[in-house]
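Listed below are the residues making up each chain.
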Amino acid sequence: MKKMVIVGFGFMGVVHAKNIIASDKLELLGIVDNRSADIFADIDKTGNQGNCDLPLERLKQTPVYKTLDECCKIEKPDAVSICVPLFMHYELTKKALNLGLDVLLEKPFCPELGQCRELIELAEEKNRIMMVAHCVRFAPAWKFLAERIRDKCYGELKLLTTTRMCGEPTWGVWLDTEIKKTCGGSLFDLLIHDIDFANSCLGLPENIEVNLKVDEYWELLFRYNDNQAKVSIKGGFLYQHTPFVSEYAATFEKGSIRFSSLQSDVIHIGTDKGNEFITMNGDAYQAELEYFAKCIENRSKPERCLPVSSLQAIEICRNIRNTKHT
Ligand SMILES: NC(=O)c1ccc[n+]([C@@H]2O[C@H](COP(=O)([O-])OP(=O)(O)OC[C@H]3O[C@@H](n4cnc5c(N)ncnc54)[C@H](O)[C@@H]3O)[C@@H](O)[C@H]2O)c1
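Nothing here was measured: the structure is a model prediction, and the numbers come from that model. (Residues numbered from 1 in each chain as written. Predicted model: local features only at pLDDT ≥ 70, side-chain atom pairs only at ≥ 80, totals over all residues. Heavy atoms only, no water.)

On the basis of which strands lie adjacent, the open sheet formed by 8 strands has the order β8-β9-β10-β7-β11-β12-β13-β14 and mixed pairing. Each end of this open sheet is capped by a strand with a single partner; those strands are β8 (207-214) and β14 (274-279). For this sheet the average axis-to-axis angle between neighbouring strands, irrespective of direction, equals 10°. Of the pairings in the sheet, the one linking strand β11 (residues 245-252) to strand β12 (residues 255-260) comprises 6 bridges and is antiparallel in character. Its bridge partner lying in β12, Phe252 is registered against Gly255. Lying on the sheet, helix α8 (residues 185-202) is in contact with β7 (157-167), β9 (217-223) and β10 (230-238); it crosses β10 at an angle near 160°. (Pairing = 2+ DSSP bridges. Helix = DSSP H or I, 4+ residues; strand = E, 2+ residues; numbered from the N terminus. Axes fitted to C-alpha atoms, helices over the stretch in contact; angles between N-to-C directions. Contact = heavy atoms within 4.5 Å.)

Within the structure, the ligand sits among 25 residues, and Met12, Asp33, Val173, Asp189 and Tyr285 are positioned closest to it. With respect to the ligand, the side chain of His89 contributes an N or O atom lying 3.0 Å from an oxygen atom. The contact in question runs from an oxygen atom of the ligand to an N or O atom on the side chain of Asp189, over 2.8 Å. Contributions of two or more residues to the shell around the ligand are made by α1 (11-22), α4 (89-98) and α8. Classifying every residue of the shell around the ligand gives 14 nonpolar, 6 polar and 5 charged. The two domains that each donate at least three residues to the shell around the ligand are domain 1 (2-133 + 286-306) and domain 2 (136-282). (Near = heavy atom within 4 Å. Polar contact = N/O pair within 3.5 Å; in protein donor to acceptor, adjacent residues only side chain to side chain. Nonpolar A, V, L, I, M, F, W, Y, C, P; charged D, E, K, R; others polar. Domains from an automatic or database assignment.)

Turning next to the domain arrangement of the protein. One can read the domain layout of the protein as domain 1 (2-133 + 286-306) and domain 2 (136-282). Centre-to-centre separation of domain 1 and domain 2, based on C-alpha positions: 25 Å. Taken together, the contact pairs 16 residues of domain 1 with 15 residues of domain 2. Both faces combined, the contact of domain 1 with domain 2 buries some 1400 Å², and carbon together with sulfur accounts for 68% of it. The tally of links between domain 1 and domain 2 comes to 1 salt bridge. (Buried area = accessible area lost by both parts, 1.4 Å probe. Salt bridge = Lys/Arg side-chain N within 4 Å of Asp/Glu carboxyl O.)

As a further point, take unusual backbone geometry. Each neighbour pair has its own omega, and for Lys107 with Pro108 the value is -10°, a cis peptide bond. As for its position among the elements, Pro108 is in the loop between β5 (102-106) and α5 (113-125). A positive phi angle, near 55°, is found at Asp42, a position not held by glycine. Note on placement: Asp42 falls in the loop between β2 (26-32) and α2 (56-60). The exposure class assigned to Asp42 is exposed, which follows from its relative accessible area of 51%. In this structure, Asn127 is a non-glycine residue whose phi angle is positive, near 55°. Given a relative accessible area of 59%, Asn127 falls into the exposed group. (Buried < 20%, exposed > 50% of the residue type's maximum accessible area, 1.4 Å probe, protein only.)

This is the structure:
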């Protein structure tokens, strides 16, 4: 069993903690959070997807620390899951790598490309495993789509449209107007999921058009050089408390695949043979954590989600942000 600690016990920290406790490869030794308030209060109500079935009693038995240094001195962990706001990603990941820990860092990687590069080099130098937690790559319905794009079972992909929307976050550090400004808005926080997914399946786009931007809502079109596929990425933050939804529709030469998180256990496939429904099981966050656990156990690079690809997602978001749009 690898010993793991968590830094940042907000929405995502709680998700990671729950999955570490459920894993037979990992042991949760400590939680680091610098909040002065009770970190266990209302943890089932934070976030945009609800934190259900939490092992509350087990969580409350976990030692809590204010800093990673303090936690490491006592708990001597092998790895850390970093779930703090974006502006703290670089500093805390650098600290963790220098303390000799393997790192699972919540997305997005870091705001500056130089910071991402420096951390990739540091992880190499220290011989540590580092993975940025792009959970969509591990979500069953999205993994299914990635496999069909690769195996061309329905022919070449012609068009992928994705939609990802939710109300503007109203929990945790998002309530601090100064920190909120550093989170990168819906592009870096939300749409980066679809941007990274498209990169993982189709490589880097040759051209990106920003077709619409209204406040924190975006419509993007990705075109590829040697590939006929186009990718349309839509969504962002809507008015606060609007429920989360993530959807895709993929059209191939000989069929279409559709998915919506509103019916998250089913994928719909249309071909000339008719209509097919495939049932999906499994949780993206748990699959992501189990994969990271396997990588640190085997000392193997996280090939399914390399940090260099997480850097490329940041680079694309930065380019989009700098693109002139109406
Ligand atoms: N993969 C996903 O689906 C997903 C969903 C939501 C958020 N995220 C990502 O997770 C990260 C955290 O987001 P969140 O929604 O959990 O935020 P949050 O505000 O709910 O939690 C952040 C926590 O970090 C703590 N913190 C801040 N600075 C700290 C420090 N220096 N040391 C220790 N603790 C510190 C805060 O007290 C807070 O409890 C962000 O990078 C965000 O983009 C990912």
